Amino acid sequence: MSLLHLRSLIVGDAQADRVVPPSGFTAQLTLFVSGAMAFLAVFALALSMASGRLADRWAEELARAATLRISAPLEQRQAQTDAALAILQQTPGVASARALSREEQAALLAPWFGGELPLDSLPVPQLIEVIADTPGYDETGLRLRLQAEVPGAVLDDHTRWREPLVDAAQTLRRLAWVSILLIGGATAAMITLAANAALAANAQVIEVLRLVGALDTYIAQAFVRRFTLRAFVGATVGMGFGIIGVWLMPEASREGGFLTGLGLQGWGWLAPLAIPVLGALVAFVATSRAANKRLGDLA
Amino acid sequence: MIELENVGYNYGGGELLTDVSVQLAPGSFHFLTGPSGAGKTTLLKLCYGALTPTMGRVRAFNMDVKGLDRDQMAYLRRRVGVVHQDCRFLDHLSILENIALPLTVSGRDIGQEEANLQELLSWVGLSDRAHATPPELSGGERQRAALARSVILSPDVIIADEPTGNVDWEMSQRLLQLLVELNHMGKTILVATHDLSLIRAAKKQVQARVLRISNRQLQQAGADL
Ligand SMILES: Nc1ncnc2c1ncn2[C@@H]1O[C@H](COP(=O)(O)OP(=O)(O)OP(=O)(O)O)[C@@H](O)[C@H]1O
Ligand SMILES: [Mg+2]
């Protein structure tokens, strides 16, 4: 398609536009379908981006953090902690190991017991944060060695339980993309139907236009232009409502889990702007194909 | 301009036209007559490429009509002005817009042709009906509008199918006069009609040849008309 062709498609001209009579129901159908589909597409897009973010974040945490818990009588606690740290330092695949300070532990417990907990006099286990390298450490080997040398140590790979969740998030992301493709396909199918109905309703008009020497490209464009514009307008409105819907969702917070994170973030808010453009593109292709086929059949 | 060589045509039933040969020389005036259902409209359609012959060959402007693709056919339509038996307007447009339609679809700017359009409208006597829609016009007004539309692109050939089909004698004389004027401007004219009085009236004003379809053949009618 030449640039001039594109220009005339967008700018159009008033005379050419009047040549095909405005047709009620196909116009409304196209507007409604592209609006509704754009609305849905915004949510599918938000879902794909949110589940993508979660999958990435969880996967990263999963790969990296574990906790070593030293539950030993008070007098042995420091010695066992030192021994465990020594072992961890020698273990290949462990990037760093660090005993949590008293204040950090107190902060962890504060939500349950309040701030003034006399940690020193309580048999609270000492926690060691273990950060893995990529690739990680040999988990079974580490457990065996700790068992032998630090009897009070328990390796708590606490993020393992999230593994299925990461899978779920990734699946959700894929499903969201499949939904977006299906939305595109359904839009194309509906607009093709509407365009065919409009072409059929205007068979007489097409015939007259041919009689006075209109080229098929001219006739096709008269229809394509309308449907493309309508799809663009419908999709813009639908996208607007979709964005408002996403925007009204509660603020995402790190602990908030999945549902509150189901929004758009940062540059992600610009992604829905592609929806009307894609909608117009889908309408353009669908109507062009329908018109060319129809005009070929009518020849 | 337009030549038919041994043309035959049938719609799928029996043969409607057989072995028709005729040449429309530049600047000539032809009438085509014959009983209803004889195939006058069919023959005209063969001339302007709306139908392709089942036998023989039709050449327009030295091109075989059969070999034309859809775009070339559109360009042929712009070189041959056609007044259809049933006028064929777009009812949602005004008469002015209908007359200008060939300009519009060939991408010309109507604004620049405004003067020509007004002149054409007054030539066919429709200046005061410019903004009416086709269903609001009388039969004679529609015929004149159709004639105006057929000449808007200054075609070399004008083909009219029963242009006086449903108008009174006075109006048919007026339409004939318009066709004669066009012929005097050098246009090639082919008119299908079963109105013999129209032909007689024309013969007083131009050198017209009369062709008659009878028994599926085209005959040159004699001076008996
Ligand atoms: N599209 C078509 N399909 C089948 N038969 C057709 C078609 N068009 C015309 N015919 C038949 O061909 C014959 C000739 O039709 P045509 O319209 O050429 O006649 P005509 O001489 O113009 O008649 P009239 O004076 O009534 O306009 C008629 O018998 C008509 O029924
Ligand atoms: Mg006829």
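Treat the numbers as computed from the prediction; the structure is a model and nothing was measured.

This paragraph deals with the sheet that holds strand S3 (residues 126-132) of chain A. Residues and elements named next belong to chain A. Taken together, the four strands give an open sheet; going across it, the order is S2-S3-S1-S4, and neighbouring strands pair in antiparallel fashion. The open sheet has two free edges, formed respectively by strand S2 (94-99) and strand S4 (153-156), since each of these has just one partner strand. Put simply, the sheet's adjacent strands are angled 20° from each other on average, direction ignored.

What follows covers the packing of helix H6 (residues 139-151) of chain B against helix H7 (residues 169-184) of chain B. All names here are of chain B. Where H6 meets H7, the closest approach of the two axes is 10 Å, and the angle between their N-to-C directions is 10°. On the basis of the axis angle, H6 is roughly parallel to H7. Contact residues: Gly140, Gln143, Arg144, Leu147 and Val151 in H6; Met171, Arg174, Leu175, Leu178, Leu179 and Leu182 in H7. Here the residues of the contact of H6 with H7 sort into seven nonpolar, two polar and two charged.

With that settled, consider the pairing of strand S3 (residues 29-33) of chain B. Residue and element names in this part refer to chain B. Counting buried positions along S3 gives five out of five residues, so the element sits mostly inside the fold. Judged by which residues are buried, S3 turns out to be covered on both faces: Phe29, Phe31 and Thr33 on one side and His30 and Leu32 on the other are all buried. The pairing of S3 with strand S8 (residues 188-192) spans four bridges and is parallel. In the sheet register, Phe29 faces S8, and the bridge partner there is Ile189. Direction of pairing for S3 relative to strand S9 (residues 208-214): parallel, over a ladder of five bridges.

Residue and element names in this part refer to chain A. Between helix H7 (residues 163-201) and helix H10 (residues 274-298), whose axes approach to 8 Å, the crossing angle comes to 40°. Viewed along their axes, H7 and H10 adopt a mutual orientation that is oblique. Considering only the axes of H7 and H10, their crossing is right-handed. Between H7 and H10, the contacting residues are Gly184, Thr187, Ala188, Ile191, Thr192, Ala195, Asn196, Leu199 and Ala200 on the first element and Val282, Ala283, Ala286, Thr287, Ala290, Ala291 and Arg294 on the second. For the contact of H7 with H10, a count of residues per class yields ten nonpolar, five polar and one charged.

Rules used throughout
- Residues numbered from 1 in each chain as written.
- Chains lettered and ligands numbered in written order.
- Predicted model: local features only at pLDDT ≥ 70, side-chain atom pairs only at ≥ 80, totals over all residues.
- Heavy atoms only, no water.
- Pairing = 2+ DSSP bridges.
- Helix = DSSP H or I, 4+ residues; strand = E, 2+ residues; numbered from the N terminus.
- Axes fitted to C-alpha atoms, helices over the stretch in contact; angles between N-to-C directions.
- Parallel < 35°, antiparallel > 145°, perpendicular 65-115°, else oblique.
- Contact = heavy atoms within 4.5 Å.
- Nonpolar A, V, L, I, M, F, W, Y, C, P; charged D, E, K, R; others polar.
- Buried < 20%, exposed > 50% of the residue type's maximum accessible area, 1.4 Å probe, protein only.
- Left-handed = near helix turned anticlockwise from the far one by under 90°.

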